[in-house]
Structures are given as structure tokens and as C-alpha cells.
Amino acid sequence: MSSPQGRFTEGAAAVNGRTFVKAHAWGKHLFHDYGPAGVVHVHLGLYGTFTELPVPMGLPIGQVRMRIEGAEFGTDLRGATACELIDAPQVDAILARLGPDPLRPRSDPAPAFERIAKSRRPIGALLMDQKVMSGVGNVYRSEVLFRQRIDPYREGGRLDPEQLVALWGELVDRMRVGLRIGKIVIVDPEHDRGDPSYAPDRPRTYVYRRAGAPCRVCGTPILTAEMDARNLFWCPSCQIR
DNA sequence: GGCTTATGCGCAG
DNA sequence: TGCGCCTAAGCCA
């Protein structure tokens, strides 16, 4: 591992030349374990990216914050909002403020259900709150609420227990598909199976970024509004308040 | 080539 | 509540 330029170099210097042992993720947080040297905490934020390159990787292009080089391939990290060396207690502190992650095996949604059930905040905001549950982003919040026919403005406490179970199940299913194929596809994701190049421009979402376009189910124009400083999308006809 | 937008979040005020 | 981060993709010309 190396830390070529600017920002984050101080912390990362401590693991310069160290061997990357393993990685794990909780919600949107990624942890790279370097054994006794510590843990590198990465959060991609809005525009962080890892790009993969064959070895030899050549000189870094642009503002590369962290480079990991393997035997055959390596990665360059750019644009992340966090890339810092932390110790075990700091890892625990981050995990302590995160709710259950639908992508983690054997994740227990009960604490999330409890928080939602007693909240008067809209479900569209609760799904984005990392303390309630972690990993759900702005695309999935709009899409799973459409799939479950729940209006994003409905108060959390006004969801039935069965709806909470169904909503969680929907998140698990959809996010697993996203993980497997490497992109968010809600509309007929099985088309991607075995052929990532299949119909690259076919529809991927029901409502996300489709403001004004007809609902794929009922034809009603999709609405958009800001909720918690993020763009929200929904069908006023399919989704019940 | 330029402009806009964004799968997110911490912090100032 | 609004800004800053500062990359990449999509869209237009």
C-alpha cells in the first residue's frame, strides 16, 4: 500500500509498505485491516471511486489518495471523503453509531424496526438515517418505497409490522443484486445475469431520476421533491400515504 | 470541450 | 440550513 499525494498522506504513511490483510464493510464504511499497523477507514462519500489497474500500474494520474498493489492488479482511490488510519476503539466508535446493514449476513433488523415504529419522521428520511439502518442510499430509498407502494412522506410509526418486514426484505434482495452485478438495477435485474453488457441502456429504476416521466406501472407522472437535502422520487398514485 | 449533476457526510453558524 | 469536498459520468454543443 502507498499514499502518493496530498490529503490523507499523514495518516496513511503509517501503513506505507504494509501488507493489506483483509477488508470488511458496514454500511457505507469500509475498513482495511493492516494487522498490528492499524486499520484504514475509507468512506467514498458522494464521488469517491476505486479504479482497478493491471500491474505495473504506472505513475498515479490525478489526485490519487491511496494505492494498493497486488501481484496482478492494483487499485487507486480518488475523491473519498475519508481515508484515515484508525485504531480498534475508533473502529468500534464508528460501528456503534451505525444501524443494521441489510447486506451483512445475519443482520438483525429489530433495532431498526423499533426506531421506525416509534418515529414521527417520514419513512423516506428514516431510511437514509445511518443510525436507523446503514448502507441504504438515495437510490434505494426511492426505489424500495415504490416497490412496497409506500409513500415516502408516511410517518415511520404509521407502517405496519408486516410492512417493515417486507421493506427490509426488499432492501436485502435489491442490495444483494446490486452487490452481485456491481450496479443498481431495480427493473428486471435478472437480465444482467451472465452478460453485463446486455442492453446497457435499458431502464434500471422505477422512479429514481424519472421526474415527470410516466410511472412504469400506472402511467402517472413521477414526482420529485427534496427530503433531507436529497432528491426524492415517487409515484403519487402507486404509493399510499 | 464545457456544463451539470451526484449512490454522502461533517462542520460552521 | 447551507456549504465544501473536488471525481466521474452524462449530456449538450
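By convention here, each chain's residues receive numbers from 1 onward along its written sequence. Chains and ligands are labelled sequentially in the order written, the chains with letters from A and the ligands with numbers from 1. Confidence filtering applies because this is a predicted model: local features only for residues at pLDDT of at least 70, side-chain atom pairs given and counted only at 80 or more, and all residues used for totals across whole chains, interfaces and linings. Side-chain descriptors were evaluated using all non-hydrogen atoms of the structure, hydrogens and water having been removed beforehand.

Here's the deal with helix α3 (residues 110-117)
- Among all positions in α3, only Ala112, Phe113 and Ile116 are buried. All buried residues of α3 lie within an arc of 100 degrees about the axis, which places them on one face of the element.
- Note on definitions: a residue-residue contact is assigned when non-hydrogen atoms from the two residues lie within 4.5 Å. The helix count covers DSSP runs of H or I at least four residues long, the strand count covers runs of E at least two residues long, and both are numbered beginning at the N terminus. Check the buried side of α3 and you find it contacts α4 (123-126) and α6 (161-181). Burial here depends on accessible area, computed with a 1.4 Å probe over protein chains only, as a share of the maximum for the residue type. Under 20% is buried, over 50% is exposed, and the range in between is partly exposed. By arc we mean the arc of the directions from the helix axis to the C-beta atoms, nothing more.

Description of the protein's contact with DNA strand B
- A cutoff of 4 Å decides nearness: a residue is near a molecule or strand if any of its heavy atoms lies inside that distance of it. Around DNA strand B lies a shell of 16 residues, among which Lys28, Tyr47, Ile184, Tyr208 and Arg230 are the nearest.
- Taking the atoms of DNA strand B that fall within 4 Å of the protein, sugar and phosphate contribute 64% of them.
- Any pair of nitrogen or oxygen atoms within 3.5 Å is treated as a polar contact; in protein, a donor-acceptor pairing is required on top of that, and neighbouring residues in sequence qualify only through side-chain atoms on both sides. Here a phosphate oxygen of DNA strand B sits 2.4 Å away from a polar atom, N or O, in the side chain of Lys28.
- In the environment of DNA strand B, a sugar or linking oxygen lies 3.4 Å from a nitrogen or oxygen atom belonging to the side chain of Arg209.

Digging into the confidence of the model for chain A
- Confidence per residue, as judged by the predictor, is encoded in pLDDT with a range of 0 to 100. Considering every residue of chain A, the mean pLDDT works out to 89; 89% of them sit at 70 or more.
- Mean pLDDT per element in chain A: helix α1 (residues 9-12) is the minimum at 58, and α3 is the maximum at 97.
- Within the model, the stretch residues 194-198 combines pLDDT values under 50 with three contacts to residues more than four positions away or in other chains.

With respect to the nonpolar core
- Put simply, buried Ala, Val, Leu, Ile, Met, Phe, Trp, Tyr and Cys residues joined by side-chain atoms within 4.5 Å make one nonpolar core. Within the largest apolar cluster, 30 residues are counted, with the highest numbers of intra-cluster contacts made by Ile123, Leu127, Met133 and Leu171.
- The element that contributes the greatest number of residues to this core is α6, accounting for six residues.
- The residues touching Met133, leaving out its near neighbours within four places in the chain, are Gly99, Pro100, Ala112, Ile116, Leu127, Trp168 and Leu171.

Looking at the sheet that holds strand β1 (residues 22-26)
- Between any two strands, at least two bridges found by DSSP are needed for them to pair. An order of β1-β2-β3-β7 is seen for the four strands of this open sheet, with the pairing classed as antiparallel. Looking at the sheet topology across the chains shown, the edges are occupied by β1 and β7 (82-86). The average angle at which neighbouring strand axes cross in this sheet is 20 degrees, direction not considered.
- Pairing analysis gives five bridges linking strand β3 (residues 39-43) to β7, with the strands arranged antiparallel. Residue His43 lies in a different strand from β7, and its bridge partner there is Ala82. Angles here are taken between N-to-C directions and fall from 0 to 180 degrees, while the axes themselves are lines fitted to C-alpha atoms, restricted in helices to the stretch in contact.

Remarks on unusual backbone geometry
- In the segment running from Val55 into Pro56, the intervening peptide bond is cis, with an omega of 5 degrees.
- Following the sequence through the fold, Pro56 ends up in the loop between β4 (49-54) and β5 (66-69).
- One non-glycine residue, Asp228, lies in the positive phi region at around 55 degrees.
- Considering the arrangement of structural elements, one finds Asp228 in the loop between β8 (223-227) and β9 (230-234).

Overview of the side chain of Asp101
- Inspection of the secondary structure puts Asp101 in the loop between α2 (88-96) and α3.
- Salt bridges are absent for the buried Asp101, whose nearest opposite-charge side chain, Arg104, sits at 5.5 Å.
- Side-chain polar atoms of Asp101 contact the backbone nitrogen of Gly27, separated by 2.8 Å.
- With near-sequence residues (within four places) excluded, Asp101 lies in contact with Trp26, Gly27, Ser107, Ser134, Trp168 and Met175. None of His or the chain ends enter the tally, which takes Lys and Arg as positive and Asp and Glu as negative. One speaks of a salt bridge when a side-chain nitrogen belonging to Lys or Arg is within 4 Å of a carboxyl oxygen belonging to Asp or Glu.

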